[in-house]
Amino acid sequence: MEKNSFIFDVNKCVGCMACVAGCSIENGTDLLVNWREVNCHNKIKHPGLPVFHFSLACNHCEDAPCMKNCPALAYSRDEKTGAIIHHAEACIGCTYCTWACPYDAPKFNESTKIVEKCNFCVDRISEGKNPACVDACPVGALSFGREDVIEENYLTPGFVNMGIKPSIQLIPLREEHSTPAIENIDAVEISAEKLESYLPKIKSKVSLDKEWTLVLFTLAVAGLVSWQAAHLFGMIEMPLVPFAVISILAIALTSLHIGKKWRMWRFILNLKGSWLSREIFSFSAFLGLTGLQIITQNQMLAYVAMAFGIFSLISVDMVYKFLTRKDELVVHSGMVSLTGILFFAWLIEMPILVELILLLKGSLYIWRKISLRKKKENYFPVLSSIRILCLLIPYVLLDLQLALSLPVSLVILFIGEIIDRSEFYYESDVITPEKELNELLKEKGKRGKVKVIKR
């Protein structure tokens, strides 16, 4: 089916950045926030590698993950042009769309505390004109038109194909461009490790220094839900004041992560498509119903609250479905659902379930550390040892009478979970075109296809 699309010829682009300048001038964007970016395959200027560039902005996908997953419904589609429009007045600055988009299109503006992105120059194309970036391209690498997009072209090296039908027609890299000109010249191989050291460091969108509030918030969710479940089983008291204080602190922690705090109510507007909306709604419902149940002592409210609590644990884990991890494992030992079950088993003093969860978490943790070490990624031996001790000590305490009820035991468990959850954010990342190009280069190094000319 034909649709408005960018048409990009990888073979023609010279990386001059004229398209970036054209976009910035047209839209009056901040100097540090470019809606269009040009990424280079060979940033290290290696003579044994082809040089090609990708000029990418928002691809206005048919199944746009930014629009589908935005909790605040800050995106809409212009039916006439197919453009995905971001509405600044509705944005809460949670940056979730920046995780969801594999093309790095939504950009968080630190000065305005909201997200912004390419709007397809919707006013220009509605009048039959080209987008400003297209008119600015001096070599004809970037053009625009109504195209029947060929999905096979999404397999162009470095282009992220996530099955979301982006509105871009790619002219694939020709074979003579993908083959180094010095292939037959006398050359020596360069090690993959040395090649990687030459590559520029790309700043991750997910980092512990930005996500530490989420570490504490997600553990608070696990702790509160397990506490309520243990109370429901009649194993532990749940006074209103401590519960209310922890609940308020949890809400305050999550509010620190968003740019526009007075728009927090918009968090729950997209229950149909966004796991982030479901997380906030279900956890809020859990807190409200649990507080009401404590006041009224209504048992039915406790069961309804528990259902929302369980769903909030599932939602927290599903929020991070877009992230990739350095260890490439499907299940992480720091998953909030596993932590919630562990806390619950400990509070109701069920040794068998505690042992099973500790064994599962320990196995996943050690497996992950081995995987990171093989990949020569940071795995923090000292911190890892403390984490493992926080799993082993409870095993020892289980042999002591009433060990499960000791406060120190729960403190040890909590310290271990903080370490594990912190590592979850440290080891996670988001797919972007720039990272894909870097990974492509690393892969060539590992295969021994990267060589340097003898001097």
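Report follows, based on the coordinates. (Residues numbered from 1 in each chain as written. Predicted model: local features only at pLDDT ≥ 70, side-chain atom pairs only at ≥ 80, totals over all residues. Heavy atoms only, no water.)

## Section: the packing of helix α12 (residues 336-347) against helix α15 (residues 407-426)
It is at 11 Å that the axes of α12 and α15 come closest, and there the two elements cross at 175°. It follows from the interaxial angle that α12 and α15 lie roughly antiparallel. Across the interface between the two elements, Val-336, Thr-339, Leu-342, Phe-343, Trp-346 and Leu-347 of α12 pack against Ser-409, Leu-410, Leu-413, Phe-414, Glu-417 and Arg-421 of α15. Of the residues that constitute the contact of α12 with α15, the class distribution is 8 nonpolar, 2 polar and 2 charged. (Axes fitted to C-alpha atoms, helices over the stretch in contact; angles between N-to-C directions. Helix = DSSP H or I, 4+ residues; strand = E, 2+ residues; numbered from the N terminus. Parallel < 35°, antiparallel > 145°, perpendicular 65-115°, else oblique. Contact = heavy atoms within 4.5 Å. Nonpolar A, V, L, I, M, F, W, Y, C, P; charged D, E, K, R; others polar.)

## Considering the nonpolar core
Phe-6, Phe-8, Phe-54, Leu-142, Phe-283 and Tyr-320 are the most contacted members of the largest nonpolar core, which totals 110 residues. With 13 residues, the top contributor of residues to this core is helix α8 (residues 208-232). (Core = buried A, V, L, I, M, F, W, Y, C linked by side-chain atoms within 4.5 Å. Buried < 20%, exposed > 50% of the residue type's maximum accessible area, 1.4 Å probe, protein only.)

## Section: the environment of Cys-66
Tracing the chain through its elements places Cys-66 in helix α2 (residues 65-69). Between the C-alpha atom of Cys-66 and that of Ala-105, which follows or precedes it by 39 residues, the distance is 9.1 Å. Dropping the residues within four chain positions of it, Cys-66 is found in contact with Tyr-75, Ile-84, Cys-97 and Pro-106.

## Side note on the side chain of Arg-278
Tracing the sequence through the fold places Arg-278 in helix α10 (residues 275-296). No salt bridge is formed by the buried Arg-278; its nearest oppositely charged neighbour, Glu-279, is found at 11 Å. Of the polar contacts made by the side chain of Arg-278, one reaches the backbone oxygen of Leu-271; its length is 2.8 Å. A polar contact is formed between the side chain of Arg-278 and the backbone oxygen of Lys-272, at a distance of 2.5 Å. When neighbours within four sequence positions are excluded, Arg-278 is seen to be in contact with Leu-271, Lys-272, Gly-273, Phe-311 and Ser-315. (Lys, Arg positive; Asp, Glu negative; His and termini not counted. Salt bridge = Lys/Arg side-chain N within 4 Å of Asp/Glu carboxyl O. Polar contact = N/O pair within 3.5 Å; in protein donor to acceptor, adjacent residues only side chain to side chain.)

## Details of the environment of Glu-110
Within the secondary structure, Glu-110 is located in the loop between β6 (107-109) and β7 (114-116). With a relative accessible area of 54%, Glu-110 lands in the exposed category. Taking the C-alpha atoms as reference points, Glu-110 and Gly-93, 17 residues apart in sequence, are found 9.6 Å from one another. Among the polar contacts listed, one links the side chain of Glu-110 to the side chain of Lys-113, at a separation of 3.3 Å.

## A look at the sheet that holds strand β1 (residues 2-9)
An order of β8-β1-β9 is seen for the 3 strands of this open sheet, with the pairing classed as mixed. Each edge of the open sheet carries a strand with a single partner, namely β8 (142-148) and β9 (168-171). Sheet twist, expressed as the mean angle between neighbouring strand axes with direction ignored, is 35°. With 4 bridges connecting them, β1 and β9 associate as parallel partners. What sits directly across from Ile-7, in β9, is Gln-169. (Pairing = 2+ DSSP bridges.)

## Details of the layout of surface pockets
Quantified by volume, the second largest pocket comes out at close to 940 Å³. As for the second largest pocket, its lining consists of 31 residues, and the residues nearest its centre are Phe-108, Glu-110, Ser-204, Lys-205 and Lys-210. Of all elements in the fold, only α3 (96-100), β6, α8 and α16 (433-446) reach the threshold of two or more residues within the lining of the second largest pocket. At 3 residues, α8 tops the list of elements feeding residues into the lining of the second largest pocket. Residue classes in the lining of the second largest pocket are distributed as 9 nonpolar, 9 polar and 13 charged. (1 Å grid on protein atoms, 1.4 Å probe; cavity = no way out; pocket = protein on both sides within 12 Å on 5 of 7 lines; lining within 4 Å. Points joined across faces, edges and corners; volume = space filled by probe spheres on them.)

## Focus: unusual backbone geometry
Of note in the backbone geometry, Cys-121 takes a positive phi value of approximately 45° without being a glycine. Note on placement: Cys-121 falls in the loop between β7 and α4 (122-126). The class for Cys-121 is buried, based on a relative accessible area of 11%. A positive phi angle, close to 55°, is found at Glu-349, a residue other than glycine. Checked against the element boundaries, Glu-349 lands in the loop between α12 and α13 (351-374).

## Some details on empty space enclosed by the protein
One pass over the structure, following the stated rule, counts 7 cavities of 30 Å³ or more. By volume, the largest cavity amounts to about 150 Å³. The wall of the largest cavity is formed by 14 residues, among which Leu-214, His-257, Leu-276, Val-319 and Tyr-320 lie closest to the centre. Ranked by residues supplied to the lining of the largest cavity, first place goes to α8 with 3 residues. Here the lining of the largest cavity is composed, by residue class, of 10 nonpolar, 3 polar and 1 charged.

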